[in-house]
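# Survey of secondary and tertiary structure
The residues making up each chain are set out below.
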Amino acid sequence: MDVPPFSFDRDGLEKALDLLANPSATIDTPLPVSAPTAGVGTSAALEMLAPHLLGRARDLGAPGFFAHMDPPTPWITWAVSQWTASRNQNLLHPDLSPMAGAMEQLVVDWLAPFFGMTGGHMTPGSTVANLTAIWAAREAGATEVVATHNAHLSAKKAAHILGMPFRQVEWDRPGDLSASVAVITAGGTSTGHIEPLDAASGARWRHVDAAWSGPLRLSPTHSQLLDGIEHADSVAVSAHKWLFQPKESALILFADARAAHESVSVDGAYLAVPNVGVLGSHGATAAPLAATLLAYGVDGVAQWIDHTMNLAEQLYQLIERHPELEARTPPQSGVVNWRRIDRSHPITAADQGVFVSTTTIEGEPWLRSVAANPMADPELVVNVVADG
Ligand SMILES: Cc1ncc(COP(=O)(O)O)c(C=O)c1O
């Protein structure tokens, strides 16, 4: 029996590209419910998968999509992701990633200065970035995690994993913080609220969770919203949110990266270098981000961010002017909470090609529109929701 070839099949890849452009070109057939014993071949597999993987995917760049923190991605990230999949580098060992490791270092070096940090590394998301920061804080002597009600659930999760108590506080009366790692949220998940970045001044370690809002730092127009972030001990930023990257892509950055990395490193006999951070094997996540920054520059990415901030403001203004709608507060970092004033109408989350997300704030249900989609059309979204 012939062993299936690994060799590069240009026609196959071109077919994948054709299906990407036109996923409905093939017949929608159900996928097998048990693992196929014999393969159908690469071409047939692509044809079978396209209607599912592409055709049924949520279009995050559709005009009606003004919902979650998940953006559409620039096409160059698709191309580079294909390259990195083809090379399958592993940053766990320098033998397996001579360039991918250097690429990650390069991207971290490019971005860390925007946050006043000296370095860091990439993680698959800010959940892991927060866990890594809190781990480093614990190694530096913190024995409890404190955060406000705005904090993302990953702060509590990290405390649990690390065996540290979690205490919910208000920053204007936080109590004794001398043994605490304080997680300050810059861009609350439900509201986009940016907490005071000079909060928790007495804490043992100050971590800013800027998973959502961190990229504002790249925009000369909006950077000042995060002034003070440079005094943190660590900063988490999700690149797969407002840096328009494919998942899973985020950064954990440290004020003293050398010391922090040392404190979260473990030696392994089979590794040439210590294993830094939470992950074992991991790939060249930095490559699509490097490509995005090279292709469009910091200025280009900042323009996308500024544009989406404007879309959030437009959405807010349209809601304010509409007699049947109300907004909770003006958007601070591109997140708008809004709803129909007549609460007897159920809250619409998905209708007529329009998508908004929902959340609960202080026990009240709200719609939540996050400015992650540069192609969103605020007028369309408002009209459909207002019509109920
Ligand atoms: C403020 C905040 N922190 C952390 C996270 C977790 O980030 P990720 O989904 O990248 O793991 C989120 C996700 O929405 C978030 O909004």
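Preceding block: the structure.
In what follows, the accompanying structure is described. (Residues numbered from 1 in each chain as written. Predicted model: local features only at pLDDT ≥ 70, side-chain atom pairs only at ≥ 80, totals over all residues. Heavy atoms only, no water.)

Before going further, it helps to examine the pattern of salt bridges. Pairing is possible between side chains of opposite charge, provided their charged atoms come close. Under the defined criterion, the tally for this structure stands at twelve salt bridges. For Glu230, the salt bridge goes to Arg217, with nearest N and O atoms at 3.3 Å. In this pair, Glu230 sits in the loop between strand 5 (205–209) and strand 6 (234–238) while Arg217 sits in the loop between strand 5 and strand 6, placing the two residues 13 residues apart along the sequence. A salt bridge links Glu364 to Arg339; the nearest nitrogen and oxygen atoms lie 2.9 Å apart. Of this pair, Glu364 sits in strand 15 (residues 364–370) while Arg339 sits in strand 11 (residues 335–340), and the two are 25 residues apart along the sequence. On the basis of relative accessible area, Glu364 is assigned to the partly exposed category, the value being 31%. Exposure remark for Arg339: the relative accessible area of 6% places this residue in the buried category. One network of salt bridges, in which partners are shared, links Arg217, Asp227 and Glu230. (Salt bridge = Lys/Arg side-chain N within 4 Å of Asp/Glu carboxyl O. Helix = DSSP H or I, 4+ residues; strand = E, 2+ residues; numbered from the N terminus. Buried < 20%, exposed > 50% of the residue type's maximum accessible area, 1.4 Å probe, protein only.)

Before going further, it helps to examine helix 5 (residues 126–139). For helix 5, with 14 residues, the first-to-last C-alpha span of 19 Å sits near the 20 Å given by 1.5 Å per residue. Buried residues dominate helix 5, accounting for eleven of its 14 residues. Of all the residues in helix 5, the buried ones are Ser126, Val128, Ala129, Asn130, Leu131, Thr132, Ala133, Ile134, Trp135, Ala136 and Ala137. (Expected span 1.5 Å × (residues − 1).)

Turning our attention to the site of the ligand. What surrounds the ligand is a group of 14 residues, the closest being Ser126, Thr127, Thr189, Asp209 and His240. Thr189 has a polar side-chain atom sitting 2.9 Å from an oxygen atom of the ligand. One of the side-chain N or O atoms of Lys241 is found 3.1 Å from an oxygen atom in the ligand. Coverage of the ligand by the protein amounts to 87% of the 390 Å² it exposes when considered alone. Breaking the shell around the ligand down by element, the ones donating at least two residues are helix 5 and helix 7 (239–242). Looking at which element gives the most residues to the shell around the ligand, the answer is helix 5, with three residues. Residue composition of the shell around the ligand, grouped by class: two nonpolar, ten polar and two charged. (Near = heavy atom within 4 Å. Polar contact = N/O pair within 3.5 Å; in protein donor to acceptor, adjacent residues only side chain to side chain. Areas by Shrake-Rupley, 256 points an atom, 1.4 Å probe, with all protein chains shown as cover. Nonpolar A, V, L, I, M, F, W, Y, C, P; charged D, E, K, R; others polar.)

In this structure the tally under the stated criterion is five aromatic pairs. Relative to Phe355, the ring of Phe65 has its centre 6.0 Å away and its plane inclined at 35°; by these criteria the two rings are tilted. Taken as a pair, Phe65 in the loop between helix 2 (42–54) and helix 3 (75–87) and Phe355 in strand 13 (residues 354–355) lie far apart in primary sequence, 290 residues in all. The exposure class of Phe355 is partly exposed, given its relative accessible area of 21%. Where Phe244 meets Trp304, the ring centres are 5.2 Å apart and the plane angle is 65°; that geometry is what we call edge-to-face. Of this pair, Phe244 sits in the loop between helix 7 and strand 7 (250–254) while Trp304 sits in helix 9 (residues 286–321), placing them 60 residues apart in sequence. (Phe/Tyr/Trp six-rings, centres within 6.5 Å; stacked < 30°, edge-to-face > 60°.)

Another aspect to go through is the packing of helix 4 (residues 98–111) against helix 9. What describes two packed helices is the angle between their axes and the distance between those same axes. Here helix 4 crosses helix 9 at 50°, and the two axes come no closer than 9 Å. Relative to helix 9, helix 4 is oriented oblique. Regarding helix 4 and helix 9, the two cross each other, and that crossing is left-handed. Contacts from Met103, Glu104, Val107, Trp110 and Leu111 of helix 4 reach helix 9 at Ala286, Ala287, Leu289, Ala290, Leu293 and Leu294. For the contact of helix 4 with helix 9, the residue count by class is ten nonpolar, no polar and one charged. (Axes fitted to C-alpha atoms, helices over the stretch in contact; angles between N-to-C directions. Parallel < 35°, antiparallel > 145°, perpendicular 65-115°, else oblique. Left-handed = near helix turned anticlockwise from the far one by under 90°. Contact = heavy atoms within 4.5 Å.)

So, about the side chain of Ser369. Structurally, Ser369 is set in strand 15. With relative accessibility at 0%, the residue Ser369 sits in the buried group. For Ser369, the side chain forms a polar contact with the main-chain oxygen of Phe66, separated by 2.9 Å. If sequence neighbours within four positions are ignored, Ser369 has contacts with Phe66, Ala67, Leu315, Gly334, Val335, Val336, Trp338 and Val356.

Spatial relationships are all this shows, so hold off on functional conclusions.
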